[in-house]
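What follows is the residue order along each chain.
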Amino acid sequence: MNYDAWENFNGVNWKKEINVRDFIQTNHTPYSGNEEFLEDATERTKKLVGKLDELLDQEQKSGGVLDIDTDTVSSLTNYTSGYLDKNLEIIVGIQTDKPLKRGVNPFGGLNMTQKACEAYGYKLSDKVKNEFQYRTTHNDGVFRVYSDEIKAARNCGIITGLPDAYGRGRIIGDYRRVALYGIDVLIKNKTNDKTMLGNQEMNVENIRQLEELYQQIAFLGKLKKMAKIYGYDISNPAQNAKEAIQWLYFAYLGAIKEQNGAAMSLGRVSTFLDIYIERDIKKGILNEKSAQELFDDFVIKLRMARHLRTQEYNELFAGDPLWITEAIGGMSENGNTLITKSSFRMLHTLYTLGTSAEPNLTILWADSLPEKFKRYVAKVSYDTAALQYENDDIMRPEFGDDYAIACCVSAMRVGKDMQFFGARANLAKLLLLSLNGGRDEMSGTQVAPKKAPYAGEYLEYEKVLECMLFYREWLAKTYVNAMNIIHYMHDKYAYEKTQMALHDTVVHRFMAFGVAGMSVLSDSLSAIKYAKVKVLRDGNGLIYDFETIGEYPAFGNDDDNVDSIAKEQVTLFINELKKHRTYRDAEHTLSILTITSNVVYGKKTGATPDGRKAGAPFAPGANPMHNREKNGALASLNSVAKLTYDICKDGISNTFTIVPDALGHTLEERYKNLVTILNGYFNSKAHHININVLNKETLIEAIAHPEKYPNLTIRVSGYAVNFHKLSKTQQAEIMSRTFHESI
């Protein structure tokens with residue numbers, strides 16, 4: 001392949017095959033300097049942001065949804081062109097025909113689409129209902145097949161958040177391919193794959209792959225038509241930086257028009273785009289101000305992305321997130337940094353446009369990253385609380401140097417891996433279910449196979465572990481069965497044509513399981529082992545509460561007596577999951593991640609032996625339970641770091657909040673100490689951390705006067721949210737978390 005658009009680009013392999021990674025390796029310009037080259041927002045950008053801010057204010061006053069198109073099924077070419085301000089925009093394209101208007105996507109489920117519309121005072125049109133009257137949706141297919149046992153486990157909350165009533169998400173299209181190669185090359189490549197596969201044996205897998213390839217090719221064609229609605233021809237490679245961003249954005253826009261997935265990550269685009277930016281600067285087409293303006297316009301579009309969700313979904317995943325996760329930084333396998341000037345430009349949008357939860361900016365931290373970049377991201381975290389960090393040094397050996405982050409913490413090779421997302425199992429409830437012989441401690445309903453409940457008055461550690469063994473086996477089997485059903489039906493009725501068209505035809509699949517309540521379970525088992533725990537039973541013999549006498553070591557204090565329990569329990573669960581075959585032979589992975597569903601999990605879980613009361617929230621992700629960390633911030637981080645990536649390859653989420661004064665007296669001292677904390681944490685092979693540097697008083701003020709804090713952003717569990725978008729219950733839970741006052 002050879003195009004004029006590739007003038008002055010180096011390398012050969014990426015011209016012979018679809019290979020964006022090789023293009024980046026042979027063309028990117030590593031940058032080890034500081035942020036002094038960055039420019040402020042242009043007047044044009046400020047006007048555009050002002051228009052968006054007005055709409056965001058209207059959206060908030062309208063109850064969180066500005067408008068819904070109830071007549072049109074969302075897809076790539078079903079809307080006319082729409083603009084925030086056609087005369088001001090450089091990068092164009094929105095999901096519907098008006099900014100912040102949400103579309104409907106009934107392929108996931110017609111009933112849930114109707115419920116989502118009704119929650120905001122809208123009614124789904126008869127036109128759409130009639131179109132789907134004889135169509136099976138993903139949700140329909142799943143519940144046709146679910147067993148009573150799976151339904152019972154789902155309803156009681158021992159497995160929660162399954163993507164059976166919403167799009168699974170967590171699939172990252174390689175949107176860069178459209179910019180680098182153009183649509184026509186991608187269609188030709190997929191057509192060749194389809195022809196070759198058509199000459200092979202027609203077994204079930206090959207037949208399914210052939211149909212999927214047909215759909216992928218069709219939707220690449222639709223993507224081309226969508227761009228033409230806006231007056232662009234994306235048949236061929238982008239000629240310059242503006243086109244590279246526009247082509248890439250069109251690809252992402254096509255994905256979010258087609259799918260309302262739970263997490264629609266962007267991938268890893270900053271360093272890729274920098275290659276075009278640097279070439280245009282050398283040609284005199286761009287200067288630094290116009291280069292920043294391109295990134296600002298691009299990010300404005302990302303901030304406008306919206307999906308229509310049900311109230312139940314919003315309880316689990318609060319703050320209206322899309323998880324438009326952009327991975328920034330990391331190192332090449334050859335030892336060069338992947339930091340470029342555009343890594344800074346992307347982060348700088350938090351200043352030029354104001355703080356925002358989206359896109360979900362994720363720093364791939366490596367020990368060898370340039371020190372000036374480390375200092376800059378520490379400053380950005382301090383100023384905005386909008387960044388999360390993941391350990392490139394432990395992910396790069398697993399995934400190479402061209403992976404990105406799906407949703408919050410999950411690594412995948414861009415365009416080569418995909419994931420079957422699966423929410424999480426409630427480990428704290430597993431303990432209670434085991435003690436009650438398979439009965440739900442909240443309702444008394446028999447959920448799991450019936451066995452004799454725990455018989456003694458006081459809990460004995462080894463006997464409790466023996467009870468858990470049987471029910472862990474049951475839970476793992478039930479969980480895998482549910483996931484297999486969900487993803488079979490999603491592939492059948494809500495397949496991600498656009499996103500998968502931007503993957504290699506042969507991909508590696510992950511089955512992403514998860515757990516919640518890890519620290520509740522660990523502390524409960526620690527209390528049983530090191531203190532004295534008496535069970536309290538109701539008139540039907542159901543254990544509903546506990547009396548705990550004496551002290552016990554709590555997770556989060558760098559104490560191996562309890563930290564080893566946490567690691568053991570997580571290891572036992574992933575090993576049990578691996579005993580069961582997954583759909584399409586996907587690789588089993590596990591995360592310790594709750595998003596904001598730690599509140600919902602708590603509501604569905606009775607009192608636990610650690611002293612937690614019935615209905616009280618869990619700690620988020622892998623965090624210690626609120627305010628049980630007694631030995632300072634570093635001890636808390638050390639406990640989490642002992643949960644190793646090899647057993648939790650889908651990610652280990654840790655949300656860390658520290659007050660500014662704990663980091664030092666001057667700003668430079670605070671930046672330096674934050675870098676030191678991050679270096680130490682990741683050198684201990686920890687995986688992930690959210691950073692909040694703020695005082696509790698700020699949140700108290702924001703609750704009382706939300707109008708004063710429209711852009712206040714905080715990290716929760718794997719993503720950021722605007723604080724005012726959380727419910728009062730969720731805000732209260734965040735207020736109850738540990739605000740570290742000492743290192």
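Preceding this paragraph is the structure being described.
So, how was this worked out
Residues numbered from 1 in each chain as written. Predicted model: local features only at pLDDT ≥ 70, side-chain atom pairs only at ≥ 80, totals over all residues. Heavy atoms only, no water. Helix = DSSP H or I, 4+ residues; strand = E, 2+ residues; numbered from the N terminus. Buried < 20%, exposed > 50% of the residue type's maximum accessible area, 1.4 Å probe, protein only. Salt bridge = Lys/Arg side-chain N within 4 Å of Asp/Glu carboxyl O. Phe/Tyr/Trp six-rings, centres within 6.5 Å; stacked < 30°, edge-to-face > 60°. Lys NZ or Arg CZ within 6 Å of the ring centre and 35° of its normal. Pairing = 2+ DSSP bridges. Axes fitted to C-alpha atoms, helices over the stretch in contact; angles between N-to-C directions. Contact = heavy atoms within 4.5 Å.

(A) A look at unusual backbone geometry. Cis geometry marks the peptide bond from Glu 358 to Pro 359; its omega dihedral reads -5 degrees. Of note, Asp 585 is a non-glycine position whose phi angle comes to about 55 degrees, a positive value. The residue Asp 585 is located in the loop between helix H22 (560–577) and strand E14 (587–592) in this model. Given a relative accessible area of 51%, Asp 585 falls into the exposed group.

(B) Local environment of the pattern of salt bridges. For the coordinates displayed, the defined rule picks out 57 salt bridges. The closest approach of N and O atoms between Arg 154 and Asp 164, which form a salt bridge, is 2.7 Å. With Arg 154 in helix H7 (residues 148–156) and Asp 164 in the loop between strand E3 (159–160) and helix H8 (176–181), this residue pair connects regions lying 10 residues apart in the sequence. We classify Arg 154 as partly exposed; its relative accessible area is 27%. The closest approach of N and O atoms between Arg 584 and Glu 212, which form a salt bridge, is 2.9 Å. You can see Arg 584 sitting in the loop between H22 and E14 and its partner Glu 212 sitting in helix H10 (residues 204–229), a full 372 residues away along the chain.

(C) View of the packing of aromatic side chains. Across all of its chains, the model carries 39 aromatic pairs by this definition. With 5.8 Å between their ring centres and 80 degrees between their planes, Phe 317 and Trp 323 make a pair best called edge-to-face. The pair formed by Phe 317 and Trp 323 is uniform in burial state, with each residue classed as buried. Between Phe 399 and Tyr 403, the ring centres sit 6.3 Å apart and the planes meet at 50 degrees, which makes this aromatic pair tilted. Owing to a relative accessible area of 0%, Tyr 403 belongs among the buried residues under this scheme. Every member of this aromatic cluster is reached through a ring pair, and the members are Tyr 3, Trp 6, Phe 9, Trp 14, Phe 23, Tyr 181, Phe 272 and Tyr 276. In this arrangement the basic side chain of Arg 135 is found over the ring face of Phe 132, its NZ or CZ atom lying 5.0 Å from the centre. Over the ring of Tyr 458 we find Lys 532; its NZ or CZ atom is 4.7 Å from the centre of that ring.

(D) Summary view of the sheet that holds strand E6 (residues 387–391). If you trace the five strands from one edge of the open sheet to the other, you get E4-E5-E6-E17-E16, paired in mixed fashion. Whereas interior strands pair on both sides, the edge strands pair on one side only; in this sheet they are strand E4 (325–329) and strand E16 (655–658). Averaged over all adjacent pairs, the angle separating strand axes in this sheet is 30 degrees, with direction ignored. Sheet strands touched by helix H16 (residues 371–384): E4, strand E5 (360–365), E6 and strand E17 (688–693). Its angle to E6, the strand with the most contacts, is close to 140 degrees. Each of E5 and E6 touches helix H17 (residues 392–399); the most contacted strand, E6, lies at about 55 degrees to it.

(E) A look at the pairing of strand E7 (residues 403–406). By the bridge criterion, four bridges tie E7 to strand E8 (residues 410–413) in an arrangement that is antiparallel. Bridging across to E8, Ala 404 finds its partner in Met 412. What sits between the antiparallel neighbours E7 and E8 is a turn of three residues, in which Cys 407 has the positive phi angle 60 degrees.

Interpretation in functional terms is not warranted from these geometric data alone.
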